[in-house]
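# Secondary and tertiary structure notes
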Amino acid sequence: MASHHWRQCRTRPARVRDLLPAEGVAVTAWQGSTRRSRLPKDWPRIRARVLRRDKGVCQAVFSDGRQCAQPANQVDHIVPGDDHSMTNLRALCTWCHARKSAQEGGTAAALTRVRTERPKPTHPALDD
Ligand SMILES: [Zn+2]
């Protein structure tokens, strides 16, 4: 019996090609889904420009109005999607970017958690 059970639980290696959407299919389908938008070819340059404009400082503002101001190494789309213009981009630190990504891509439960959660006192920006 044990060996039978073992065989049932074993997952067969999936064929990766069957699981991935065909090239180009997702381009028109990203809207309204949680799929990450595609980044333009010159994204590294745009990204560098945003970080330079924001002086490498996290632009996130907490609910109490204070700016995070930690060293930023992420570039965030203020409005998620395909708008890669400078006005829709801002520098964020890893922590704030992870927090925002969780908000956008997360489940309803994650949304509630993020909204009600106070910034953690362990965050270096809140220690001063
Ligand atoms: Zn931050």
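From a predicted model like this one, the values you see are computed outputs, not experimental measurements.

### Focus: the overall build of the chain
When its secondary structure is counted, the chain shows five helices and two strands. For the chain, with 128 residues in total, the buried portion stands at 12%. In the chain, of all internal contacts separated by at least 6 residues, the share reaching a separation of at least 24 is 46%.

### Details of the nonpolar core
Soluble globular proteins: nonpolar side chains tend toward being buried together. Counting 12 residues, the largest nonpolar core consists of Val50, Leu51, Cys58, Ala60, Cys68, Ala72, Val75, Leu89, Ala91, Leu92, Cys93 and Cys96. Listing elements by their share of this core, those giving two or more residues are helix H3 (43-53) and strand S2 (89-92). At three residues, S2 tops the list of elements feeding residues into this core. Beyond its immediate chain neighbours, meaning those up to four positions away, valine 50 contacts Val75, Met86, Leu89, Arg90 and Ala91.

### Describing unusual backbone geometry
One non-glycine residue, lysine 55, adopts positive backbone phi at about 55°. Within the secondary structure layout, lysine 55 lies in the loop between H3 and strand S1 (74-77). Unusually for a residue other than glycine, alanine 69 sits at a positive phi of about 65°. Its place among the elements puts alanine 69 in the loop between H3 and S1.

### Details of the confidence of the model for the chain
For the chain, mean pLDDT is 74; residues scoring 70 or higher make up 53% of the total. Mean pLDDT values over the elements of the chain span from 50, in helix H2 (residues 16-19), up to 98, in S2. Every residue in residues 19-34 scores below 50 in pLDDT, and together they form seven contacts with partners more than four places removed in sequence or on other chains.

### Describing the environment of asparagine 73
Looking at the element boundaries, asparagine 73 is found in the loop between H3 and S1. The sequence separation of asparagine 73 and histidine 97 amounts to 24 residues, and the corresponding C-alpha distance is 9.4 Å. Excluding residues within four positions of it along the chain, asparagine 73 makes contact with Cys93 and Thr94.

### Here we look at the pairing of S2
Of the two faces of S2, the one lined by Leu89 and Ala91 and the one lined by Arg90 and Leu92 are each fully buried. Strand direction decides the pairing type here: S1 and S2, joined by four bridges, are antiparallel. Its bridge partner lying in S2, valine 75 is registered against alanine 91.

### Let's talk about the environment of valine 75
Tracing the backbone shows valine 75 in strand S1. Remark: the alpha-carbon pair of valine 75 and arginine 47, spanning 28 residues in sequence, is separated by 6.1 Å.

### As for the environment of proline 40
Tracing the backbone shows proline 40 in the loop between H2 and H3. The class of proline 40 is exposed, set by 11 C-beta atoms lying within 10 Å. Proline 40 sits 43 residues away from aspartate 83 along the chain, and the two C-alpha atoms are 10.0 Å apart. Dropping the residues within four chain positions of it, proline 40 is found in contact with Ile46 and His84.

What counts, and at which threshold
- Residues numbered from 1 in each chain as written.
- Predicted model: local features only at pLDDT ≥ 70, side-chain atom pairs only at ≥ 80, totals over all residues.
- Helix = DSSP H or I, 4+ residues; strand = E, 2+ residues; numbered from the N terminus.
- Buried ≥ 20, exposed ≤ 12 C-beta atoms within 10 Å, placed from the backbone.
- Contact = placed C-beta atoms within 7 Å.
- Core = buried A, V, L, I, M, F, W, Y, C linked by C-beta atoms within 7 Å.
- pLDDT = per-residue confidence, 0-100.
- Pairing = 2+ DSSP bridges.

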